[in-house]
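Architecture at a glance
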Amino acid sequence: MIHMAKKQGYDITGQRFGKLVVLGKGESKGPGRTAWRCRCDCGNEKTIRGDALKSGSAKSCGSCKGRGQAIDAMLVMDSVPMCEVQKRASEAGLTFGEYTAREYARRMMGGG
């Protein structure tokens, strides 16, 4: 879901595009070229144009090829309804993105 921001177009902060999670707006590359700071599943951060994210042409930082399988092997993906994740985030006093990032970090550190 893309959220509209007053006089600033849209806000995709917290959304996932492939292996990328949007952290916030980055330095724009000119008129109509909104750029977004993203964190890849491999841990790299990169600024990527919004049109590349939305079209699917940018799915990762581009530096993590080959590392994706190792990262996937470290994660145990549980099927949890989004409403349950939102509920857990709210109970913890966190935004959805903050809660998701915390859980991801916990799992990466072996917290199961």
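Above this text is the structure in question.
What comes next is a walk through the structure.

**Overview of the pattern of salt bridges**
- Under the criterion given, the structure shown has five salt bridges.
- Across the pair Asp41 and Arg16 runs a salt bridge whose closest N-O atoms are separated by 3.0 Å. Residue Asp41 is located in the loop between β5 (35-40) and β6 (45-49), and its partner Arg16 is located in strand β3 (residues 16-17); the two are separated by 25 residues in the primary sequence.
- Judged by its relative accessible area of 45%, Arg16 falls in the partly exposed class.
- Put simply, Glu84 and Arg88 hold a salt bridge, and the shortest N to O gap is 3.2 Å. Within this pair, Glu84 and its partner Arg88 are both found in helix α3 (residues 82-91), separated by four residues, close to a single helical turn.

**Structural notes on the sheet that holds β6**
- Taken together, four strands build an open sheet; the order of strands is β3-β4-β5-β6 and the sheet is antiparallel. Pairing within the sheet leaves two strands with one partner each, and these edge strands are β3 and β6.
- Across five bridges, strand β4 (residues 20-25) lies against β5 in antiparallel orientation. Residue pairing across strands places Gly24 opposite Arg37, the latter belonging to β5.

**Some points on the packing of α3 against helix α4 (residues 96-108)**
- Put simply, α3 and α4 touch, their axes get as near as 9 Å, and they point 95 degrees apart. Put simply, α3 runs roughly perpendicular to α4. Touching Met82, Val85, Gln86, Arg88 and Ala89 of α3 are Phe96, Tyr99 and Thr100, all from α4.
- Within the contact of α3 with α4, the residues separate by chemical class into five nonpolar, two polar and one charged.

**With respect to the environment of Thr34**
- Secondary-structure assignment places Thr34 in the loop between β4 and β5.
- Along the chain, Thr34 and Tyr10 lie 24 residues apart, while their C-alpha atoms are 9.5 Å from each other.
- For Thr34, the residues in contact, after removing those within four places along its chain, are Tyr10, Lys25, Ser28, Ile48, Arg49 and Gly50.

**Brief notes about the pairing of β6**
- In this sheet, β6 lies alongside β5 in antiparallel orientation, the contact comprising five bridges. Bridge pairing links Trp36 to Ile48 in β6.
- Where β5 folds back on β6, the antiparallel hairpin that results is connected by four residues, among which Gly43 adopts a positive phi of roughly 105 degrees.

About the thresholds
Residues numbered from 1 in each chain as written. Predicted model: local features only at pLDDT ≥ 70, side-chain atom pairs only at ≥ 80, totals over all residues. Heavy atoms only, no water. Salt bridge = Lys/Arg side-chain N within 4 Å of Asp/Glu carboxyl O. Helix = DSSP H or I, 4+ residues; strand = E, 2+ residues; numbered from the N terminus. Buried < 20%, exposed > 50% of the residue type's maximum accessible area, 1.4 Å probe, protein only. Pairing = 2+ DSSP bridges. Axes fitted to C-alpha atoms, helices over the stretch in contact; angles between N-to-C directions. Parallel < 35°, antiparallel > 145°, perpendicular 65-115°, else oblique. Contact = heavy atoms within 4.5 Å. Nonpolar A, V, L, I, M, F, W, Y, C, P; charged D, E, K, R; others polar.

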